[in-house]
Structure formats: structure tokens, C-alpha cells
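# A look at the structure
So the chains spell out like this:
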Amino acid sequence: CMLCRRAEADPDICGDKQEKYRLCAHVFCLFFATLLFRQDDDRVGLLGFLPRDIQLAVRRAAQKHCCICGQSGATIMCCEENCNSWFHLPCAKEGGCVTQYITPYSSYCPQHRPEQDVQVTPEPGTECPICMEPVEDRKTFRTMVCPACKRAWFHRDCIQAGAIPSTPGHSRASLTLLLFALQGQAMRAGLLCFHCPLCRDIKVFIVQMFIMGIRIPFREPTWEDNDAFADLGERHSRCNAKKCLYPGGRDEAEEEGPWELLLCISCAAEGTHRRCSGLRKRILHWECDSCA
């Protein structure tokens, strides 16, 4: 990337790399670069940024040093008036900078970043509902709280990208909460399904997360990709009797008569041909052994 000088960078932070006109840059390195302006037509240049403007930003950055890593090539300046702190986008998270992934794509150094205006502290032993690990005893850059319920404390990394418990032995209830919370991750959920992992507030929670620098993609949730749950809509179509008598086999059935397939009225996860379970025509409902 011409702007951050990284061949590899976290796509959750920098976005995908774009290449055109012998130029190469991450999407958000372009959007956050100071004094790099986008044209109204995003078909021109690189995503609407003119090649000459990108080259000018690169030359300007050669004179700026990152306040996090100390190296030259920093393209992002803190938005706070009279602050002359510059940094690379990949360094922002590591150094505690806040980058707001919404127009006008404002950036703030560690000294001037926005803080949550919620006057609460976590109770001793409070765990993040996403990774099930303890949070710090106060609000910090890495520990955040839901502004709506003021009870859900979580790690910045967890609410942004998701996490998996590192220790075994979680209870069934905690695992259920974990699975629910994972669906609330910003990168997994997208704007339409992102909410507090505890109280499920949407409006106040999303606005606060944008301000605090959480990237929330404008798309459908990832669990909807590639019809991931399409099989949940499929109807059970197999005879589960201990001994199936139908000549065509367990996977075949007829619309009516002795070889009609009845599904369990409780779970619908098992089925039987009428004759395989001795069910007469007047019997309209059947329940499997597990449910009975």
C-alpha cells in the first residue's frame, strides 16, 4: 500500500487493497488520508481518488513521522485543532488512536480521542460476554461499556472482530450467551444486525460504537452468506421406523395411502410411513418415541 507502506495489514482496519493505474492502496488508507479528497464520481481514479492527488499525499507523508511507530510515511493527522500528531492507519489500533469509519472519516490521536461519557465502573469479576474473559476495572481504550444498559462490558477487540473462549468448561448458559454475542460482532453482524450483546439496544449502541471507532460494515450479516441456513427450511423426508417396510426404501414415500409419510407433531425431525408404524388412515397425527 502506497499510503501505509504495508504489504499485509488487518483488513478489518484497513480494508481491501485496490490496484489501478499502477497504484496500490487500502480502501480506508485512502479514506482517512489527510488532505486527500475524493471526487463525486467514484469511477475515476482509484475509488474516486485521483492518481495525482494520491501521489501528492505520498510525497507529503514522506515528511511526516508516525507518533506510534516513529517511522516516516504517516498520512493521517489528528483532527483536533492545533494537534500535529500523524500516524499510519495500521498503527492506530496498536497506539490507541480512534478512527471513525463513517463520513467524514475523522481520526484522533491517543491524547485527543473521544471517551465514553458513561459514569459507571464494572463490578469485580465482570466478564466480557463475548470471550468470557475478565474486563478491566474501568473504562479504557480496550474496555468499553454499552451506553444503553450500562451493564454489558466488553473488550474493543471482541466487539469489533469476535473472540473464542480460551478456557474449557463453560456452562451451557454461558455458551448460549457466547453464541448469541458472536452474532452481535460488528464485522460479523453488519449494520442491520449489530446490537449490544446483552440488552440488544441498537440505536444508542450503534451511534456510540461509531464514535468510539468501531467499524460496522454496511452489509448483511455474514451468517446469511451463501445461504448458510438454507437447510433449516428443508422438510424431513425419511422414514425412521426401526424396520421400514416400503419397497422403495426409507427415503421414498407416497402422497397418500399406507406409504404416506407422517412427521412427528412435536419435533418434525423424525418420520414414518403409516404401515411401518401400524397407523390407520383415520389417524392424522403421530409422535416419535423420543417426544412421546
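Residues numbered from 1 in each chain as written. Predicted model: local features only at pLDDT ≥ 70, side-chain atom pairs only at ≥ 80, totals over all residues. Heavy atoms only, no water.

In the annotation of an unreviewed UniProt entry, the entry for the protein reads PHF7 protein, and the organism field reads Leiothrix lutea. For the protein, the Pathway (unreviewed entry) comment in UniProt is given as "Protein modification; protein ubiquitination." Quoted straight from UniProt, the Subcellular location (unreviewed entry) entry for the protein says "Nucleus". (UniProt positions renumbered as here; feature names shortened; annotations may be inferred.)

In this section: the side chain of Thr99. Mapped onto the fold, Thr99 is located in strand E5 (residues 98-99). On the accessibility criterion, Thr99 (6% relative accessible area) is buried. With near-sequence residues (within four places) excluded, Thr99 lies in contact with Phe32, Phe87, Leu89, Ala92, Ser106, Ser107 and Gly213. (Helix = DSSP H or I, 4+ residues; strand = E, 2+ residues; numbered from the N terminus. Buried < 20%, exposed > 50% of the residue type's maximum accessible area, 1.4 Å probe, protein only. Contact = heavy atoms within 4.5 Å.)

Ranked by size, the top nonpolar core spans 30 residues in total, and within it Leu3, Leu30 and Leu89 carry the most contacts. Put simply, the parts of the chain that give this core at least two residues each are helix H1 (11-14), strand E2 (23-26), helix H2 (27-32), helix H3 (51-61), strand E4 (86-87) and helix H4 (89-95). With 6 residues, the top contributor of residues to this core is H2. (Core = buried A, V, L, I, M, F, W, Y, C linked by side-chain atoms within 4.5 Å.)

Following the criterion strictly, the structure yields 6 salt bridges and no others. With a closest N to O distance of 3.9 Å, Arg38 and Asp42 form a salt bridge. Here Arg38 falls in the partly exposed class, since its relative accessible area comes to 38%. According to the relative accessible area criterion, Asp42 is partly exposed, its value standing at 44%. The residue Glu260 makes a salt bridge to Arg274 at a minimum N-O spacing of 3.0 Å. Here Glu260 is found in the loop between helix H8 (203-211) and strand E9 (261-263), whereas its partner Arg274 is found in the segment after strand E10 (271-273), with 14 residues between them in sequence. (Salt bridge = Lys/Arg side-chain N within 4 Å of Asp/Glu carboxyl O.)

Bringing the environment of Ala268 into the picture now. With respect to the element layout, Ala268 can be found in the loop between E9 and E10. Between the alpha carbons of Ala268 and Cys288 there is a distance of 8.9 Å; along the sequence they are 20 residues apart. If we ignore the near neighbours within four places in the chain, the residues touching Ala268 are His236 and Leu263.

For the rest of this paragraph, the subject is H3. Residues of H3 that are buried include every one of Ile54, Ala57 and Ala61, and no others. Projected down its long axis, H3 carries its buried residues within an arc of 60°, all on one side. In this structure, H3 carries Arg52 and Arg59 as exposed residues pointing more than 90 degrees from its buried face. For H3, the elements touching its buried residues are E2 and H2. (Arc of directions from axis to C-beta.)

Turning our attention to the confidence of the model for the protein. Mean pLDDT over the protein stands at 84; residues scoring 70 or higher make up 84%. Per-residue pLDDT, averaged within each element of the protein, yields its smallest value for helix H6 (residues 172-182) (41) and its largest for E10 (96). (pLDDT = per-residue confidence, 0-100.)

Okay, the pairing of E2 next. Along E2, one buried face is formed by Leu23 and Ala25 and the opposite face, lined by Cys24 and His26, is buried too. Two strands pair when backbone bridges link them, and strand E1 (residues 17-20) and E2 are joined in this way by 4 bridges, in the antiparallel orientation. When the bridges of E2 are listed, Gln18 appears paired with Ala25. Taken together, E1 and the strand that follows it, E2, pair antiparallel across an intervening segment of 2 residues, in which Tyr21 is found at a positive phi of about 55°. (Pairing = 2+ DSSP bridges.)

In this structure, Pro104 follows Thr103 across a cis peptide bond, with omega equal to 15°. Tracing the sequence through the fold places Pro104 in the loop between E5 and strand E6 (107-108). The phi torsion at Arg22 lies on the positive side, around 65°, for a residue other than glycine. Mapped onto the secondary structure, Arg22 falls in the loop between E1 and E2. With phi around 70°, Arg200 is a residue other than glycine that occupies positive phi space.

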